[in-house]
Amino acid sequence: LNLNIVLPIAIITPIITLLFTPVLGIPWSDSLSSGVKHSGTALWLGFLSCIPHKEERFATVVFPMACYAAAFSIMGLRKVLYLFCMRTNRQFTAAHRPLVHAIMVLFSTISILRLSAIIGHYGAPMQAWKAANQLATNVTVTSGDQVRLRAIFPTME
């Protein structure tokens, strides 16, 4: 999953909801209930940050909530931008376009940096297979379950 932008926005969604409630004209009761609903994402990710052993399977529970919270937050920011443009008599698409371009550039830059980090820092299995490919042709390379089976049944070919 490439949630580079979604997770930070989802974490600040309760804050955005409470800040822009007066601007959007949402009743405080609806704003507080929405803030409580979206705070689950931040609490779950905060909990995962505190535990020493982190696995992605523990975070998959929060991914749908995070996507919903980020979409809610972006929708609110878009409404705030629209209301600002209406008050200042600016054209909405002219103000909207640079924001979209900035988000796309930021998202693309973070994604490229993440991919290069994965290739650079977690490339040991690929390097091992490249080295194994350059070995002599009569060498058997095993991995995964084959290693376990050969340990149990040494005569297995």
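Every chain begins its residue count from 1, and numbering advances along the sequence as written. The model is predicted, so local features are restricted to residues of pLDDT at least 70 and side-chain atom pairs to those at 80 or more, both for listing and for counting; the totals for chains, interfaces and linings are taken over all residues. To get the side-chain values, all heavy atoms of the structure are used, and hydrogens and water are removed first.

## Notes on the packing of aromatic side chains
Note the cut-off: Ring geometry is summarised as follows: Phe, Tyr and Trp rings, the Trp one being its six-membered ring, pair when their centres sit within 6.5 Å, and such pairs are stacked at plane angles under 30 degrees, edge-to-face over 60 and tilted between the two. Note on conventions: DSSP H or I runs of at least 4 residues are helices, E runs of at least 2 residues are strands, and numbering of each starts at the N terminus. Each residue is assigned to one of three classes by its accessible area relative to the maximum for its type, calculated with a 1.4 Å probe on protein chains only: buried under 20%, partly exposed between the two thresholds, exposed over 50%.
Overall, the coordinates contain one aromatic pair when judged by the stated rule. Taking the centre distance of 6.0 Å and the plane angle of 50° together, the rings of Trp-44 and Phe-47 count as tilted. You can see Trp-44 and its partner Phe-47 sitting in helix H4 (residues 28-50), three residues apart, about one turn around the helix. Taking relative accessible area as the criterion, Phe-47 reaches 45% and is therefore assigned partly exposed.

## What about the nonpolar core?
The cut-off we apply is this: Among the buried residues, those of types Ala, Val, Leu, Ile, Met, Phe, Trp, Tyr and Cys that are joined through side-chain atoms within 4.5 Å form a nonpolar core. Here, residues are in contact when the closest pair of their heavy atoms is within 4.5 Å.
Core analysis: the biggest nonpolar cluster contains six residues, these being Leu-3, Leu-45, Leu-48, Ala-59, Val-62 and Phe-63. Setting aside anything within four residues of it in sequence, one finds Ala-59 in contact with Trp-44 and Leu-48.

## Here we look at the confidence of the model for the protein
Just so we agree on the cut-off: Confidence of the predictor at the level of single residues is captured by pLDDT, which takes values from 0 to 100.
The share of residues in the protein with pLDDT of 70 or more is 81%, and the mean pLDDT across the chain is 76. Across the protein, the secondary-structure element scoring lowest on mean pLDDT is helix H9 (residues 145-152), at 51, and the one scoring highest is helix H1 (residues 6-11), at 83. In the predicted structure, residues 148-153 sits below a pLDDT of 50 and forms five contacts with residues beyond four places in sequence or in another chain.

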